[in-house]
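Chain by chain, the residues run as shown.
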Amino acid sequence: MLALRWGLRAASGGFRPRNVPLAMAKRPSGAGEGPEENGQQAKRLKGTAGEGDAEGQNKRTPKRKIVLLMAYSGKGYHGMQRNLGSSQFKTIEDDLVSALVRSGCIPENHGEDMKKMSFQRCARTDKGVSAAGQIVSLKVRLIDDILEKINNHLPSHIRILGLKRVTGGFNSKNKCDARTYAYMLPTFAFAHKDHDVQEEAHRLSRETLEKVNSLLARYKGTHNFHNFTSQKGPKDPSARRYIMEMYCGEPFVREGIEFAVIKVKGQSFMMHQIRKMIGLVIAIVKGYAPESIIERSWGEEKVDVPKAPGLGLVLERVHFEKYNRRFGNDGLHEPLEWKEEEEKIAVFKEQYIYPTIINTEREEKSMMSWLNTLSIHDFNSSTAEMEANNKNSKNSDVEGSDGCNDDSD
């Protein structure tokens, strides 16, 4: 009798065997499907062919936290950081995210909401500023030939040069110990104001280079840089910054003009800090300001510090020394060092970064125009006079940021 009852329930659809989902029990294979359902199934099957196979494979590929080593020429871009809803101001990240989506590394909705892929850039370079060693951290699908596929969807002046796996909680901004910036400038900037300078004929003397490096070395250590930024008072603890090294390298000639590169490594930098550090040294070497002004600028007194042009500022490298010591040799992760990529970095700078700086300087003469303004600076001026001068001299600055809160240079 019990068996008969079970048979009747099964025949009427009222019986569902154990461990079989209700949806499967209600719709046996090959039965109860109308034309619409058949059409949807056919559509799904069609979608798995061709491009759908790759898409399906990508969806099954687990996401992993990685870092990408980036190099780019910033000319024509409004900085690194993406500004959603402001399509008229194109940024480096706009092109990067588009390439990540098109290559299949991230789903499209992650491009629209970058928090979904835990995206973080190490340094927030601003309008026109280039980078030879930018680092971004994010979660991606580790597809085959990933670097080649991303680069295929990027313009030639933006390149992904390297990739490394990192710990799941890694954040490229927070884990960064220090940043190294380079500032490329024509050496006639160091010619004394009383000398008649011919731009292409000028060559930097050994004596002047030694003086420049002697002045730059004074910045090393921890100092109060409130005079080298804006909106920070002398008692603001965040104005104290640690500079590890700063020096000017040997000069070289490009396109008939002699250039040199100043490098500075520090834990972090505030807005305009590097440009003002260099601007003050130029003012001293040219004879506009006394050497004692450097030490005086670290005191509570307000000092008028000139800001060198933004052209020539490059994010050279970012450092992860503490992370490398803890995880770099744990057998699971690699140290975040890029010795194998150094040649590719050098080639990129020669092809895209240096030519942009040189050609723009030749065409726009930004350094020479700025040098002509040094004579109007009063290095003993009052706060009110300085504010008036700054208001009159405001223009569309080209700035580079290091991405630490409001810090930038």
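Residues numbered from 1 in each chain as written. Predicted model: local features only at pLDDT ≥ 70, side-chain atom pairs only at ≥ 80, totals over all residues. Heavy atoms only, no water.

Draft legend 1. Seen up close, the overall build of the chain. From N to C terminus, the chain includes 14 helices and ten strands. Here the chain holds 409 residues, and 45% of them are scored as buried. As presented, the chain carries roughly 21400 Å² of accessible surface, and 47% of it is formed by carbon and sulfur atoms. (Helix = DSSP H or I, 4+ residues; strand = E, 2+ residues; numbered from the N terminus. Buried < 20%, exposed > 50% of the residue type's maximum accessible area, 1.4 Å probe, protein only. Areas by Shrake-Rupley, 256 points an atom, 1.4 Å probe, with all protein chains shown as cover.)

Draft legend 2. Just the packing of helix 8 (residues 206-217) against helix 9 (residues 273-285), in detail. Remark: helix 8 packs on helix 9, axes separated minimally by 10 Å, with the N-to-C direction vectors making an angle of 135°. What the angle tells us is that helix 8 and helix 9 run oblique. As helix 8 packs across helix 9, the resulting crossing turns out to be right-handed. Where helix 8 approaches helix 9, its residues Thr 208, Lys 211, Val 212, Leu 215 and Leu 216 are matched on the opposing element by Val 281, Ile 284 and Val 285. (Axes fitted to C-alpha atoms, helices over the stretch in contact; angles between N-to-C directions. Parallel < 35°, antiparallel > 145°, perpendicular 65-115°, else oblique. Left-handed = near helix turned anticlockwise from the far one by under 90°. Contact = heavy atoms within 4.5 Å.)

Draft legend 3. Expanded view of unusual backbone geometry. Positioned with a positive phi, Glu 255 is a non-glycine residue whose angle comes to about 55°. Topologically, Glu 255 is positioned in the loop between strand 8 (252-254) and strand 9 (257-266). Accessibility expressed as a relative area gives 53% for Glu 255, which makes it exposed. Of note, Lys 365 is a non-glycine position whose phi angle comes to about 50°, a positive value. Take Lys 365: it is sitting in the loop between helix 12 (342-364) and helix 13 (366-371).

Draft legend 4. Main features of the side chain of His 319. Summarising the element assignment, His 319 is placed in strand 10 (residues 313-319). In this structure, His 319 is in contact with Lys 175, Cys 176, Asp 177, Ala 178, Arg 179, Thr 180 and Lys 265, ignoring residues within four places of it in sequence.

Draft legend 5. The arrangement of the packing of aromatic side chains in detail. Across all of its chains, the model carries ten aromatic pairs by this definition. On the numbers, 6.5 Å between centres and 65° between planes, the contact of Tyr 219 with Trp 298 is edge-to-face. One end of the pair, Tyr 219, is in the loop between helix 8 and strand 6 (221-224); the other, Trp 298, is in the loop between helix 10 (293-297) and strand 10, and 79 residues separate them in sequence. Accessibility classification places Tyr 219 together with Trp 298 in one group, the buried group. Centre to centre, the rings of Phe 348 and Tyr 352 are 5.0 Å apart; their planes meet at 35°, and the pair counts as tilted. Taken as a pair, Phe 348 and Tyr 352 lie in helix 12 at a separation of four residues, close to a single helical turn. What makes Phe 348 buried here is its relative accessible area of 3%. Sitting over the face of the ring of Trp 338, Lys 164 holds its NZ or CZ atom 5.0 Å from the ring centroid. The ring of Tyr 288 has Lys 193 lying over it, and the distance from NZ or CZ to the ring centre is 5.8 Å. (Phe/Tyr/Trp six-rings, centres within 6.5 Å; stacked < 30°, edge-to-face > 60°. Lys NZ or Arg CZ within 6 Å of the ring centre and 35° of its normal.)

Draft legend 6. Expanded view of empty space enclosed by the protein. Scanning the entire structure with this criterion turns up two cavities of 30 Å³ or more. Empty space within the largest cavity amounts to approximately 50 Å³. Tyr 183, Met 184, Leu 185, Pro 186, Phe 259, Pro 309, Leu 311, Ile 357, Glu 361, Ser 366 and Met 367 are the residues that line the largest cavity. The biggest single contributor to the lining of the largest cavity is strand 5 (residues 178-186), with four residues. For the lining of the largest cavity, a count of residues per class yields nine nonpolar, one polar and one charged. Counted as a void, the second largest cavity has a volume near 40 Å³. Elements with a minimum of two residues in the lining of the second largest cavity: strand 5, strand 10 and helix 12. (1 Å grid on protein atoms, 1.4 Å probe; cavity = no way out; pocket = protein on both sides within 12 Å on 5 of 7 lines; lining within 4 Å. Points joined across faces, edges and corners; volume = space filled by probe spheres on them. Nonpolar A, V, L, I, M, F, W, Y, C, P; charged D, E, K, R; others polar.)

Draft legend 7. Summary view of the nonpolar core. Membership of the largest hydrophobic core comes to 100 residues, with the highest contact counts inside it found for Met 70, Leu 138, Tyr 219, Ile 262, Leu 280, Ile 282 and Phe 320. No other element matches helix 9, which puts nine residues into this core. What Tyr 219 contacts, discounting residues up to four positions off in sequence, is Phe 225, Phe 228, Ile 243, Met 246, Lys 276, Met 277, Leu 280, Val 281, Ile 294 and Trp 298. (Core = buried A, V, L, I, M, F, W, Y, C linked by side-chain atoms within 4.5 Å.)

Draft legend 8. Fine view of helix 8. Compared with an ideal rise of 1.5 Å per residue, which puts twelve residues at 16 Å, helix 8 spans 16 Å between its outermost C-alpha atoms and is within 8% of the ideal. Those residues of helix 8 lying buried are Leu 209, Val 212, Leu 215 and Leu 216. Viewed end-on, helix 8 has its buried residues packed into an arc of 125°, placing them on one side of the element. In this structure, the buried side of helix 8 is in contact with strand 7 (240-248), strand 9, helix 9 and helix 10. (Expected span 1.5 Å × (residues − 1). Arc of directions from axis to C-beta.)

Draft legend 9. Main features of helix 5 (residues 92-102). Burial analysis of helix 5 places eight of its eleven residues in the buried class, which makes it a mostly covered element. By the burial criterion, the buried members of helix 5 are Ile 92, Glu 93, Asp 94, Asp 95, Leu 96, Val 97, Ala 99 and Leu 100. Packed against the buried residues of helix 5 are strand 1 (63-72), helix 6 (108-112), strand 2 (120-121), strand 3 (130-141), helix 7 (146-152) and strand 4 (158-165). Backbone geometry just downstream of helix 5 places Gly 104 in the positive-phi region, at approximately 90°.

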